[in-house]
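# Fold and geometry: a report
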Amino acid sequence: MRRELLTGNQAAAWGARLASAQYIPAYPITPQTEIIETLARWVQSGELQARLVTMESEHSMLTAAGAAAATGVRVFTATSSQGLLYGFEMLYAVAGWRVPLVLVNVSRALAAPITLEPDHNDVLAARDCGFLQIHTETCQEVLDSILLAYRLAEHPQVRLPVLVNLDGFSLSFAREPVQLPSPEQARAFLPPYEPAALHFSASHPLAQGVAVLGGSAYSFFRYAMQRASEAARAVYDEVARQYGACCGRHYGAIEEFCLDDAEWVLVMSNSFTTMGKAEVRRLRAQGEKVGLLRLRLLRPFPQDAIRRALAGRRGVAVIDQNLSIGKGGITFSEIASALYGHSRAGLLSFVGGLGGRRLRSAEFDLMLHCLREAESGKEFPTPILLYTQEEYEQMQRLLQVAGHLPAEG
């Protein structure tokens, strides 16, 4: 095992390399392109024995990925933001084919307006398609999660594709020290893929149909996917335990940070959790009993683990780096449904970090203040948008100068 300084994108490429991915359909999009460039160099040099094909779109890329996985080869691909949405039709199709593959999404905020920085509306738009989802905080976790994702996807009780998410720019281009498992460790944890008996092969002609008539047959297949996703909860725990024994790093479905005696809990996911942990340490130094729960496995949703972790708390603040227009934070709704009837903790929704906007210490102070006020009976809007009055007024002035807003009064 050696240690290297890698970007999140390079860590993702190493995950695919150590998994011995055999087929890589690709289409470039910022900030994901470095993953494919790195893999292409390795394929060209012979360091990675795989076939990499550049497709004409993300829709074609995902179609090729699913079709190749149906032949029994190990498939890897990656996309981001608008690219994920462009191939959205095939997410549902590929998951319905029950083919195991790994798709990395490098989260980037959606147009319009266009931006290159991260939030999570892209990946959370895909939460209902049938792909399992693992969300990462660090470059190390990106690499390790890809190996875990293949074991999870290829498990006989699961047979569903897995999406591994990392934040664009704040993680994709951040350099961090990463421990690379040796090829021997990777093979011990992730042996060659043994496909199901019914896979396509030129030497064994086979016909399969995916069209059904009548709701009963359709319902059967959708229920089967639901049961497989439910089974993935227990399978994930076992696979994570095995990876910890093999490589020394264990990743639970959730991460509990300073939760032992916490009265107030922040709920976050992905790379901005690192900011949240720093703020928890700051607030702890001031005597506040604050902790953090990080969501790692988003599908299947680990609601039992979440209920246990949040039991007995005075207040919970869910910080969404996404916005479902007209409703609020997506994760908040999921946490609220998980806790309904199981917790008396006050639950507040905060939306921030959109388009990569950093979260300030003052905003974490505000969240703690709001939780205390809510415990006393004060009502707050859902969601609470983390955007200072100073920022709002500055943006208004800029838009007025640009002619997009009329000058005031």
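So, a few notes on the structure that sits alongside this text. Please read all numbers here as calculations on a predicted model, not as lab measurements.

The strand order across the open sheet built from six strands is β9-β11-β10-β13-β14-β15, with neighbouring strands paired in mixed fashion. Both edges of this open sheet fall to β9 (254-257) and β15 (384-385), since each of them pairs with a single strand only. Both strand β10 (residues 264-269) and strand β13 (residues 315-320) contribute to a ladder of four bridges, which runs parallel. Of the residues in β13, the one forming a bridge with Leu266 is Ala317. Most of the contacts of helix α11 (residues 303-310) go to β9, to which it runs at about 10 degrees, and overall it touches β9, β10, β11 (290-295) and β13.

This next bit is on the packing of aromatic side chains. Evaluation of the coordinates by the stated rule reveals five aromatic pairs. Relative to Tyr243, the ring of Phe189 has its centre 4.9 Å away and its plane inclined at 75 degrees; by these criteria the two rings are edge-to-face. Here Phe189, found in helix α8 (residues 183-189), pairs with Tyr243, found in helix α9 (residues 215-247); they are 54 residues apart in sequence, far enough to count as distant. You'll find Phe189 and Tyr243 in the same group, each marked buried. Ring geometry for Phe220 versus Phe221: centroids 5.6 Å apart, planes at 85 degrees, classification edge-to-face. Take Phe220: its relative accessible area is 55%, and that puts it in the exposed class. For Phe221, a relative accessible area of 48% corresponds to the partly exposed category. A cation over an aromatic ring shows up here: Arg17 above the ring of Trp42, its NZ or CZ 4.6 Å from the ring centre. The cationic tip of Arg74 hangs over the ring face of Tyr150; the distance from NZ or CZ to the ring centre is 5.6 Å.

Moving on, we come to the pattern of salt bridges. Pairs can form between side chains of opposite charge whenever their charged atoms are close. Considering all chains together, one arrives at 24 salt bridges under this definition. Its salt-bridge partner being Arg2, residue Glu4 comes within 2.8 Å of it at the nearest N-O pair. By relative accessible area, which is 25% here, Glu4 ends up partly exposed. On the accessibility criterion, Arg2 (44% relative accessible area) is partly exposed. Here Arg187 ties to Glu184 by a salt bridge, and the two come within 3.6 Å at their closest N and O atoms. Within this pair, Arg187 and its partner Glu184 are both found in helix α8, separated by three residues, close to a single helical turn. The structure contains a network of salt bridges with shared partners spanning Glu137, Glu141, Glu255, Lys277, Arg294 and Arg296.

Attention shifts here to the packing of helix α3 (residues 58-69) against helix α5 (residues 88-97). Where α3 meets α5, the axes come as close as 9 Å, and the angle between the chain directions of the two elements is 5 degrees. Relative to α5, the element α3 is oriented roughly parallel. Side by side, α3 and α5 meet where His59, Leu62, Thr63, Gly66 and Ala67 of the first sit next to Glu89, Met90, Leu91, Val94 and Trp97 of the second.

Bringing the sheet that holds strand β6 (residues 132-135) into the picture now. Reading across from one edge, β4-β5-β7-β6-β12 is the order of the five strands in this open sheet, with mixed pairing throughout. Each edge of the open sheet carries a strand with a single partner, namely β4 (76-79) and β12 (297-299). Mean inter-strand twist for the sheet, computed between neighbouring axes without regard to direction, equals 25 degrees. Bridge count for β4 against strand β5 (residues 102-107) is four bridges, and the pairing is parallel. Considered in β5, the bridge of Thr77 is made with Leu103. Here α3 sits on the sheet in contact with β4 and β5, set at roughly 160 degrees to β4.

Two faces, one strand: in a regular strand the side chains alternate between the faces of the sheet. As paired strands, strand β2 (residues 23-26) and strand β3 (residues 51-54) are joined by four bridges and run parallel to one another. Paired with Ala26 across the bridge in β3 is Thr54. At this point the chain moves from β2, through helix α2 (residues 33-45), to the parallel β3, and the crossover so formed is right-handed.

Between its first and last C-alpha atoms helix α13 (residues 361-375) spans 22 Å; for 15 residues at 1.5 Å apiece the expected length is 21 Å, and the two agree. Considered for burial, the residues of α13 that qualify are Glu363, Phe364, Met367, Leu368, Cys370 and Leu371. Angular distribution of buried residues about the axis of α13 spans 160 degrees; they occupy a single face of the element. Looking at the buried side of α13, the elements it contacts are β10, α10 (273-285), β11, β13, β14 (346-351) and β15. The positive-phi residue at the C-terminal boundary of α13 is Gly377, with phi of around 110 degrees.

Along the polypeptide, Gln32 turns up in the loop between β2 and α2. For Gln32, a relative accessible area of 0% gives the class buried. Once residues lying within four places of it in the same chain are set aside, the contact partners of Gln32 are Asn9, Tyr27, Ala78, Thr79, Ser80 and Val106.

This next bit is on the pairing of β14. Bridging between β13 and β14 involves six bridges; their strand directions are parallel. When the bridges of β14 are listed, Asp320 appears paired with Val351. Following the chain from β13 across helix α12 (residues 330-339) to the adjacent parallel β14, one finds a crossover that is right-handed. When β14 meets β15, the two strands line up parallel, connected through two bridges. Bridged to Phe350 within β15 is Ile384. Between β14 and its parallel partner β15, the chain crosses via α13, and the hand of that crossover is left-handed.

About the cut-offs
Residues numbered from 1 in each chain as written. Predicted model: local features only at pLDDT ≥ 70, side-chain atom pairs only at ≥ 80, totals over all residues. Heavy atoms only, no water. Pairing = 2+ DSSP bridges. Helix = DSSP H or I, 4+ residues; strand = E, 2+ residues; numbered from the N terminus. Contact = heavy atoms within 4.5 Å. Axes fitted to C-alpha atoms, helices over the stretch in contact; angles between N-to-C directions. Phe/Tyr/Trp six-rings, centres within 6.5 Å; stacked < 30°, edge-to-face > 60°. Buried < 20%, exposed > 50% of the residue type's maximum accessible area, 1.4 Å probe, protein only. Lys NZ or Arg CZ within 6 Å of the ring centre and 35° of its normal. Salt bridge = Lys/Arg side-chain N within 4 Å of Asp/Glu carboxyl O. Parallel < 35°, antiparallel > 145°, perpendicular 65-115°, else oblique. Right-handed = clockwise from strand over helix to strand, strands pointing away. Expected span 1.5 Å × (residues − 1). Arc of directions from axis to C-beta.

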